[in-house]
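Summary of the model geometry
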Amino acid sequence: MTRSTSSPAPLTHSQHWIGAFFDVDNTLIPGASIEIGFFRYLWQDGVVGWPEVWHSLEYAIRHMPPVSFNPLRRRKLYLMGHDVSLIEQMASEYVELYVVPRVSARALNRLSRHRDAGHVVAFVSGSPEFLVKPLAEALGVSLVFGARPESQEGLYTGKVFAPLPYGEGKGRYVERLAARFNLDLTRSYAYGDSPGDFHALQLVGHPFVVNPIRGMARIARERGWPITQWA
């Protein structure tokens, strides 16, 4: 029978060989992707505009299979030609002003409990690393894996290095962390909201589906995974 709860089971372990892997978008931060908000932030400041929108749409139309945003996850065309240092500075400002205040109180509590238990905590997200890293720093998390946009001579190319921490790629990052820190995945935890987190969730002994979207509630019920709401 599926367990559905707003308060996951108590943490009882204190061993350092247990991991806790957190998705960011709509998990730690309820609602829309922080990258969408950052694009708006850049738009309002005049850094990006219609040329970036049309370029991205043209690419999506040429490469996107039905009902999939994967091509846009693997290409950050709105960044193409923009200065890396400027984007990173604006990303830090945006995260401090608009992202940190949106972190779920329940997520903060859960993070704190994992740290107090001595677990290895990591953020693994398909959002750009320049957004996930300042968020992690603000929350006291040192292990961060986000999408890594390629740059040449200080300017973004629009490409993203593989593997993308999404779908199968997210699972690979979890496995790398487990190998690096000698973690016992059967006793580890993972938190995610969508099918893009499925591969990471199925690797651990304690998967939690948070704020489920895109059919993830059905998947959780089929597998007997707990469902929780972090608002």
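Preceding this section is the structure that the text describes.
A brief structural summary. Quick caveat: nothing in here was measured; it's all calculated off a predicted structure. (Residues numbered from 1 in each chain as written. Predicted model: local features only at pLDDT ≥ 70, side-chain atom pairs only at ≥ 80, totals over all residues. Heavy atoms only, no water.)

Our focus in this paragraph is the side chain of Lys170. Within the fold, Lys170 resides in helix α7 (residues 168–181). On the accessibility criterion, Lys170 (4% relative accessible area) is buried. Setting aside residues up to four positions removed in sequence, Lys170 forms contacts with Asp23, Val124, Ser125, Leu164, Pro165, Gly196, Asp197 and Ala200. (Helix = DSSP H or I, 4+ residues; strand = E, 2+ residues; numbered from the N terminus. Buried < 20%, exposed > 50% of the residue type's maximum accessible area, 1.4 Å probe, protein only. Contact = heavy atoms within 4.5 Å.)

Within the structure shown, the criterion is met by 17 aromatic pairs. Ring centres of Phe145 and Tyr173 lie 5.3 Å apart, and the angle between their planes is 45°; on these two criteria the pair is classed as tilted. Of this pair, Phe145 sits in strand β3 (residues 143–147) while Tyr173 sits in helix α7, and the two are 28 residues apart along the sequence. Summarising the burial analysis for this pair, Phe145 and Tyr173 share the class buried. Through successive ring pairs, a cluster of aromatic residues spans Phe22, Phe123, Tyr189, Tyr191, Phe208 and Trp230. (Phe/Tyr/Trp six-rings, centres within 6.5 Å; stacked < 30°, edge-to-face > 60°.)

Quick look at the sheet that holds β3 now. As summarised here, the arrangement of the six strands in space is β3-β2-β1-β6-β7-β8, forming an open sheet in which the pairing is parallel. The open sheet has two free edges, formed respectively by β3 and β8 (227–228), since each of these has just one partner strand. Sheet contacts for helix α6 (residues 129–138): β2 (120–128) and β3; angle to β2, the most-contacted strand, approximately 150°. (Pairing = 2+ DSSP bridges. Axes fitted to C-alpha atoms, helices over the stretch in contact; angles between N-to-C directions.)

Helices that pack against each other are described as a pair by the angle of their axes relative to one another and the distance between those axes. Where helix α1 (residues 34–44) contacts helix α4 (residues 84–99), the axes come no closer than 10 Å and their chain directions differ by 115°. Looking at the two axes, α1 sits roughly perpendicular to α4. Crossing angle aside, the handedness with which α1 passes α4 is right-handed. On the side of α1, the interface is formed by Ile34, Gly37, Phe38, Tyr41 and Leu42, while α4 contributes Ile87, Met90, Ala91, Glu93, Tyr94, Leu97, Tyr98 and Val99. Broken down by class, the residue content of the contact of α1 with α4 amounts to 11 nonpolar, one polar and one charged. (Parallel < 35°, antiparallel > 145°, perpendicular 65-115°, else oblique. Left-handed = near helix turned anticlockwise from the far one by under 90°. Nonpolar A, V, L, I, M, F, W, Y, C, P; charged D, E, K, R; others polar.)

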